[in-house]
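One-letter residues, chain by chain:
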Amino acid sequence: LLEEQKRVKDLGGTMRLGGIHPEHPLTLRLARDAGGLLPLETVMKLTGQEWLDNMAGPRGSLQYAQSWALCHLLLHAENGRYATMFESFLKQLDKGVDGDTAFKKVFGADLKPLAVKYNSYMDELIAKAPDPKKNENRTGSDKASKKNSP
C-alpha cells in the first residue's frame, strides 16, 4: 500500500492511484523465467517475521514485487472489481481480525480462483516489462544511441 501512495499522480487537481513501478514487472519476469514465482498461498501466509527475514535476503525483492502485484490486482484489476472487497479486508484487519480469517471472510476460503486471476494478472504485468535478454544482446554503442534518441 505504501508503494501505491508513492505512485499517486496529480491529474489536473484529481488524484489517481495505480501507477506501475517499473522494477516490479521486471522482477516478476526474471523470477517467472527462472521458475521461481511464489505461489499465492505462500505470499498470503507469510508472517510478519518471515516477511522481515526474507526482505533481508535474496528473496526480498521477489516477495515485495509479488505482494505489490497482489495489492495492485485487488485495487485496480478489472476496473476496480476487487477494491471494495479489499477495503473490507483492510477494515477487518483494523478491527484486530487475523489476516487469514479476514481474507477468508471477505474473499472466500478457496484461494484457487484468486490464484488463477493473480497468476494471469502477473502475466499481464510481466508483458509490460522489458525483456532482459534483448537488452543483453545490444552492444554498448547500440545502448548509447537508443538512450540518446528521442
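Described below are features of the structure shown in this document. Just so we're clear, the structure is a prediction, and the values are computed from it rather than from any experiment.

## Describing helix 7 (residues 99–107)
- Buried residues of helix 7: Ala102, Phe103, Val106 and Phe107, and no others. Around the axis of helix 7, the buried residues are gathered within 100° of arc, so they sit on the same side.
- Packed against the buried residues of helix 7 are helix 3 (40–44), helix 5 (60–80), helix 6 (83–94) and helix 8 (112–127).
- Regarding helix 7, its N-cap is aspartate 98, as a side-chain oxygen of that residue lies 3.2 Å from the backbone nitrogen of aspartate 100 further along.
- Just downstream of helix 7 lies glycine 108, where phi reads positive at about 100°.

## A few points about the pattern of salt bridges
- Applying the stated criterion across every chain yields a total of 6 salt bridges.
- Put simply, glutamate 78 and arginine 81 hold a salt bridge, and the shortest N to O gap is 2.9 Å.
- The class of arginine 81 is exposed, set by a relative accessible area of 52%.
- The residue aspartate 100 makes a salt bridge to lysine 104 at a minimum N-O spacing of 3.3 Å. Within this pair, aspartate 100 and its partner lysine 104 are both found in helix 7, separated by 4 residues, close to a single helical turn.
- Under the relative-accessibility criterion, lysine 104 is labelled partly exposed at 38%.
- Among the charged side chains, a salt-bridge network with shared partners connects Lys45, Asp100 and Lys104.

The rules we used
- Residues numbered from 1 in each chain as written.
- Predicted model: local features only at pLDDT ≥ 70, side-chain atom pairs only at ≥ 80, totals over all residues.
- Heavy atoms only, no water.
- Buried < 20%, exposed > 50% of the residue type's maximum accessible area, 1.4 Å probe, protein only.
- Helix = DSSP H or I, 4+ residues; strand = E, 2+ residues; numbered from the N terminus.
- Arc of directions from axis to C-beta.
- Contact = heavy atoms within 4.5 Å.
- Polar contact = N/O pair within 3.5 Å; in protein donor to acceptor, adjacent residues only side chain to side chain.
- Salt bridge = Lys/Arg side-chain N within 4 Å of Asp/Glu carboxyl O.

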